[in-house]
Amino acid sequence: MPRYVVERTFPDGLQVPPGEAGVAFCREIAERNSTEEVTWVHSYVAEGGRKSFCIYDAPTPEAIRKTAERNGLPVDRITEVRVLDPYFYAGETRAA
Amino acid sequence: MHHGMVRGEAGETISASGKATELLERAGALGSLAQELEAVLRSRRGRVVLLGGEAGVGKTALLRRFRDDLERDTTERAARVLWGACAPLFTPRPLGPLLAVAERLGGELAEVVGSDALPHEVAAAYAAELRSRTPTVFVLEDVHWADEATLDVLRLLSRRVDTVPALVVASFRDDELERDHPLRRVLGELATSDAASRLKLGRLSPAAVAELAAPYDVDADELYETTGGNPFFVVEALAAGDDEIPDTVRDAVLSRAARLGAPATRLLEAVAICPSGAELWLLEALAGDAVERLDDCLASGMLDVEATDVAFRHELARLAVEEAIGPRRRVALHRKALAALTAPALGAPDPARLAHHAEAAGDGTAVLRFAREAGDRAAARGAHREAAAQYARALRFGTCLTTAERADLLERRSQSAYLTDQSDEAIAALEDAVALRQELHDTLAEGDNLRRLGEILWCPGRTREARRRACEAVDLLETLPPGRELAIAYGALAARYAAADRCEEALAWGAQALRLAERLGDVELRVRSLATLGACELDDGGFSKLERSIELARSTGLDAEAARSFVILAGAAVERRLHDQAERYLTEGLAWSSERGLELFRLYLLAYRGRSWLDQGRWTDAADAASAVLRLRRTSATPGIVALTTLGLVRARRGDPGRHELLDEAWLLAEPTGELARLGPVAAARAEAAWLDGDFEGVATATESALALAVQRRSARRVVELVAWRRRAGIETPLPDWADAEPWAACPYEEAIALADGDAEAPLRRALDELQRVGAQPATTIVARRLRELGARGVPRGPRRRTRENPFGLTSRQLEVLALLADGRRNAEIADRLVLSERTVDHHVGAILRKLEARTRGEASATAIRLGLVGQDG
């Protein structure tokens, strides 16, 4: 399944509630994602929660937008990405 | 091993007294079914449940338990249960399960369904039956094996399920659906329906397997390891009664069968060669005295009686037994079945069943006779996919056919394959038929076949060959006295030129067709020539000609002709952005073609609908429709081109990845056709995507060849459209002086882009607002940059602050209801407060729970409060 980086802007900052509520918040997002076969891998948050870079596995960009809509999350940009592992090349050189 | 317990099916433990105790790990699924039924009983509006799971996971066991529980309910509100099962036949009998249910019920339903009715008539009859009594649980098992007509009925019934008090449950193997499985179409359509839900059965956990294994002397871990927790395998392995756990399902089944003794095995084999079950009289004919062992087989749980038919409890067991029958014995059994079913004890012989046994018995003459008959019957019911398969089966055994009979079968097969978008098969069959007709010196049929070949070759985009064949047909038929075949061939040639925007030639041949048609005075010819001429002069009264051709075709039973005219009309209306008109043609055309199994035309209409939604700014719907077409398409080029272009444009306008891949594929399909109607829209879309990327060279490359073709064909509108993109990219392109046509109406997005062509601040700002509103990120950025370059102030840099006014797609009314619900109010109170009927509030609450994916009101209010959908003060 392709991997995507989803950039989001939260003008008031993203607030994940602490404790149980936070667990439930994330679990509900994950459950709603699963109906579209979308997996939220993890996110990088910047600028005090106003900006986030979220890593997703999803069948299509449309699936990401649909689940974003359902979860009430904004989408600025979706980019398809591949993993580049710097240490992989180091391993190759040693092997050679 | 001790045998204090008798094993039932798929994880069910049955105590020695025969009373079912518990179905392991299915309480959740049973609860969901009960809840769905409860919702139907409460609201009097029907629902559909799609029950998926792998083979042997216990779908049937679950549904039977659900039924048994219902049958224990003797109160007034108890639901009745109707039960139809699809059979694993290579070419299933059209409407098989629905016929069986109707026969059992009798009355008007049986009359309608038994009378060669079309799917929409059957669906209507079922809806009437479901409405007449209340309430009903209607189970359709194993719909992955269903024939096309049954699937059509399921789809049609589901579409209006909220008007009948019924819970429709369709079960299917979700691990066996290949990409173009016809069931996918139904699932896809139902996925968007509020009245449908999916239920998936998983395998058993190690704990459940251990519980099942407990009374036996087996290693539960090993049992779990070998069976993977598949309930059917677990039960068979335990019932096999060996000291060791069998390695495969097959070993388990066979050793269980062997324990019943030789006569019982003979009976099992007789049942195994009848995939849809066998009547008792048939079993007597097949197995003789061994029928006396039926009780043993039933008691052991291997066989089961449903109505009057004996069948295996599980298809996996039937397969295992069938595969183990020696080849000679198998042929002998099928031969006996064939003889017995030719003169059945009850009712008329069923050609599809006979064809099945004839093929397995290797009886070529019988295959020919029955497969052809079954094919004709399937085609008459709109089950063209099954028809094509039956004709193919007949042809495989066609060594003793005369040349003329063979040609006739090939022609029938070709037509059925064509109507289900299997162009390759249709073309191959027809090419063979042409050669045979030539051999027979049957010039009339040869010419008519060449004409049809021209029509079919066009579908996968082989336009040059298509035109050549159409010309050959005319040439050949002109050597004969002028007749209806020649008139049709003139029209077909006109249609080829019309599709290529070669209007003069199209009109000339169309006029020829009309003259001859009028002389011959034949209705089909009138229908065809009206459609042909309409397609040639779409901007000049063509719409009304096409509408008349549809009316005439509908009243005279020319189903495919009507569907074809719907396609031309819808395509033209969508292109001209006549949204209301387009919607009418699309809705009527889709109903018409899906009710009659005309898959090919349905695919075109679905693709056009997606494009129309894109033009109306409904991007999400457009992307859904286009994706559905891309999943379903087989060989025809146009639906693929339209859908790829639509989805590519949605992505381009949103700035999403994968846009260029889609548009490039569209171009790859369109280019070989050499037709402007195919190339023009793809070229414009690729130019737009390149422009949004700031790739001006890409705009030039994308438009070059299509523009040259548009100039050559003198298509003012396409020239204007392509020149506009080039100018936006700063490429000086003169507009020919004849290209002064009024452009087709633009959609809001395109209007905004056009507004931004100038340098004045006010229109640029309006464009910016509109583009931001629809979420057109890349175009917004371009227009904002232009405004800043022109010195405008206060142009936002980042994405606009997004309001969450419509989270989860809740309407404002539903948000009001939700606020009161979260405040702990009951529906009656909410109804009072909002001045609504309680029923309406019920309906809103149901929709809210679905949209929030909450199981209870409590969950919904918790979600609402947590995500700030409602104020804390209620």
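Undergrad: If you had to explain the overall build of chain A to someone new, which residues and values would you point to?
TA: When its secondary structure is counted, chain A shows three helices and four strands. Moving toward the C terminus, one meets the helices and strands of chain A in the order β-α-β-β-α-β-α. In terms of overall dimensions, chain A is more spread out than a globule: its C-alpha atoms have a radius of gyration of 16 Å, far above the 12 Å expected for 96 residues. Looking at chain A as a whole, 23% of its 96 residues qualify as buried.

Undergrad: Hey, could you go over the environment of B:Ala117 for me, with residue numbers and the actual values?
TA: All names here are of chain B. Mapped onto the elements, Ala117 comes out in the loop between α4 (107-113) and α5 (119-132). Distance in space between the C-alpha atoms of Ala117 and Arg765 is 59 Å, their sequence separation being 648 residues. Ignoring anything within four residues of it in the chain, the contact list for Ala117 reads Val112 and Val122.

Undergrad: Quick one: what's the story with unusual backbone geometry, residue by residue and with numbers?
TA: All names here are of chain B. One non-glycine residue, Arg577, lies in positive phi territory at about 60 degrees. By the secondary structure assignment, Arg577 is in the loop between α28 (559-575) and α29 (579-595). Its identity is not glycine, yet Arg714 carries a phi of approximately 55 degrees, on the positive side. Within the secondary structure layout, Arg714 lies in the loop between α35 (696-712) and α36 (716-728). Note on Arg714: 13 C-beta atoms within 10 Å, which makes it partly exposed.

Undergrad: Kindly report on the sheet that holds strand β5 (residues 80-85) of chain B, identifying the contributing residues and their values.
TA: Residue and element names in this part refer to chain B. Here we have five strands laid out as an open sheet, ordered β5-β6-β7-β4-β8, and parallel in their pairing. Each of the sheet's edge strands pairs with one partner strand only, and the pair in question is β5 and β8 (196-200). Shown here is a sheet whose adjacent strand axes are inclined to one another by a mean of 20 degrees, direction ignored. Here strand β4 (residues 47-53) pairs with β8 via five bridges, running parallel. Opposite Gly52, over in β8, you have Lys200 as the bridge partner. Taken strand by strand, helix α2 (residues 59-72) contacts β4, β5, β6 (136-141) and β7 (166-173), and its axis lies near 160 degrees from that of β6.

Undergrad: Just give me the short version of the nonpolar core, but keep the residues and values in it.
TA: Residue and element names in this part refer to chain B. Val271, Phe566 and Ala570 are the most contacted members of the largest nonpolar core, which has 272 residues in total. Phe566 has contacts with Ile550, Tyr585, Glu588, Gly589, Trp592, Phe601 and Leu605, leaving out every residue within four places of it along the chain. Core analysis: the second largest hydrophobic core is formed by 14 residues, Val817, Leu818, Ala860 and Leu869 among them.

Undergrad: Let's hear about the pairing of strand β11 (residues 309-312) of chain B: which residues, and what values?
TA: Residues and elements named next belong to chain B. Sheet topology places strand β9 (residues 278-279) next to β11; two bridges connect them, and they run antiparallel. Across the sheet, residue Ala278 finds its bridge partner in β11, namely Val310. The loop that links strand β10 (residues 303-306) with its antiparallel partner β11 comprises two residues; one of these, Ala307, has a positive phi angle of about 55 degrees.

Here is what the cut-offs are and how they apply
- Residues numbered from 1 in each chain as written.
- Chains lettered and ligands numbered in written order.
- Predicted model: local features only at pLDDT ≥ 70, side-chain atom pairs only at ≥ 80, totals over all residues.
- Helix = DSSP H or I, 4+ residues; strand = E, 2+ residues; numbered from the N terminus.
- Rg over C-alpha atoms; globule rule 2.2 N^0.38 Å.
- Buried ≥ 20, exposed ≤ 12 C-beta atoms within 10 Å, placed from the backbone.
- Contact = placed C-beta atoms within 7 Å.
- Pairing = 2+ DSSP bridges.
- Axes fitted to C-alpha atoms, helices over the stretch in contact; angles between N-to-C directions.
- Core = buried A, V, L, I, M, F, W, Y, C linked by C-beta atoms within 7 Å.

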